[in-house]
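Structural overview
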Amino acid sequence: MPKRDPRIDAYIEKSAAFAQPILKRFRDAVHKGCPDVEESIKWGMPAFLHHGLMCGMAAFKAHCAFNFWKYKLLFGDDAPFAGEGMGQFGKIVSIEDMPSEKQLVGYVKKAAELNATGAKVERPPARKRALTIPTDFSAALKQNKRALATFEKFPPSHKREYVDWITEAKRDETRTKRLAQAIEWMAEGKARNWKYENC
């Protein structure tokens, strides 16, 4: 008998009446398609693992959703309801909205195989926003050579921490105070979060 996580039993029991048969049917199809599946809770929702995260399901106030982790490899650009809410099958409000059991079990088998063979989804490289140093910050740095030298040696993440801290100030007085503090700390060779570096 497949191992069932009692937390998922509890999740299904707490779900709205319309959602319970939907979630049970998804769960059963996952176990049929991948008998070795492990159940867990990820991000507060039922998740199914086989050589890593394979798929998950969720119940909301008015609909349910089912999501394959490597859906792009499963469906390409042809996910049945791409762009219509969470998951590849759109907003499911009744059993009739679900794929047939045969289809679903087939998808699960393919997803399990993708995970077992280590297939990877190519993700586009993260685009980093350019760091814009405010004029007042730049001017203050130029007036303190030690602070400027420290800032120039920082990796981009440390520079961004100072810039964000200063630019996120809501009032001019706060910004001025933060700018003075930043210059003082950098003159001492300190990163923005220096207090936590040795914790």
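Data block above holds the structure.
Described in the following lines is the structure provided in the data block. Every value quoted in this text rests on a predicted model; they were computed, and no experiment measured them.

Section: the nonpolar core
- Leu23, Phe26, Val30, Met54, Met57, Phe66 and Phe68 are the most contacted members of the largest nonpolar core, which has 32 residues in total.
- The set of elements that each furnish at least two residues to this core consists of α1 (6–14), α2 (19–33), β3 (53–59), β4 (64–68), α3 (71–75) and α4 (101–116).
- In terms of nonpolar packing, the next biggest core, distinct from the first, is built from 17 residues, Ala147, Tyr162, Trp165 and Ala191 among them.

A closer look at the pattern of salt bridges
- This structure, assessed with the given rule, holds eight salt bridges.
- One salt bridge in this structure joins arginine 171 and glutamate 173, with 3.6 Å as the shortest N-O distance.

Things to note about the side chain of histidine 63
- Tracing the backbone through its elements, the reader meets histidine 63 in the loop between β3 and β4.
- Among the residues examined, histidine 63 registers a relative accessible area of 15% and is labelled buried.
- Excluding anything up to four places from it in sequence, histidine 63 contacts Phe18, Ala58, Lys91, Ile92 and Val93.

A few points about α4
- Taking 1.5 Å of rise per residue, the 16 residues of α4 would be expected to cover 22 Å, and the 22 Å separating its terminal C-alpha atoms lies within 8% of that figure.
- Buried within α4 are the following residues: Leu104, Val105, Val108, Ala111, Ala112, Leu114 and Asn115.
- At its buried positions, α4 is contacted by α2, β3, β4 and α3.
- Count one or two residues on from α4 and you reach glycine 118, which has phi positive near 75°.

Regarding the pairing of β4
- Counting buried positions along β4 yields four of five residues, so the element is predominantly enclosed.
- Of the pairings in the sheet, the one linking β3 to β4 comprises five bridges and is antiparallel in character. Opposite methionine 57, over in β4, you have phenylalanine 66 as the bridge partner.
- Linkage of β3 to β4, two consecutive antiparallel strands, is achieved through a turn of four residues.

Thoughts on the pairing of strand β1 (residues 38–42)
- Two strands pair when backbone bridges link them, and β1 and strand β2 (residues 45–49) are joined in this way by five bridges, in the antiparallel orientation. Opposite glutamate 38, over in β2, you have leucine 49 as the bridge partner.

Observations concerning the sheet that holds β2
- If you trace the four strands from one edge of the open sheet to the other, you get β1-β2-β3-β4, paired in antiparallel fashion. Each having just a single partner strand, β1 and β4 make up the two edges of the open sheet. Taking each pair of neighbouring strands and ignoring which way they run, the sheet shows an average axis angle of 20°.
- Seen against the sheet, α2 touches β1, β2, β3 and β4 and runs at an angle of roughly 170° to β3.
- Across the sheet, α4 touches β3 and β4, and the angle it forms with β3 is around 140°.

Conventions adopted
Residues numbered from 1 in each chain as written. Predicted model: local features only at pLDDT ≥ 70, side-chain atom pairs only at ≥ 80, totals over all residues. Heavy atoms only, no water. Core = buried A, V, L, I, M, F, W, Y, C linked by side-chain atoms within 4.5 Å. Buried < 20%, exposed > 50% of the residue type's maximum accessible area, 1.4 Å probe, protein only. Helix = DSSP H or I, 4+ residues; strand = E, 2+ residues; numbered from the N terminus. Salt bridge = Lys/Arg side-chain N within 4 Å of Asp/Glu carboxyl O. Contact = heavy atoms within 4.5 Å. Expected span 1.5 Å × (residues − 1). Pairing = 2+ DSSP bridges. Axes fitted to C-alpha atoms, helices over the stretch in contact; angles between N-to-C directions.

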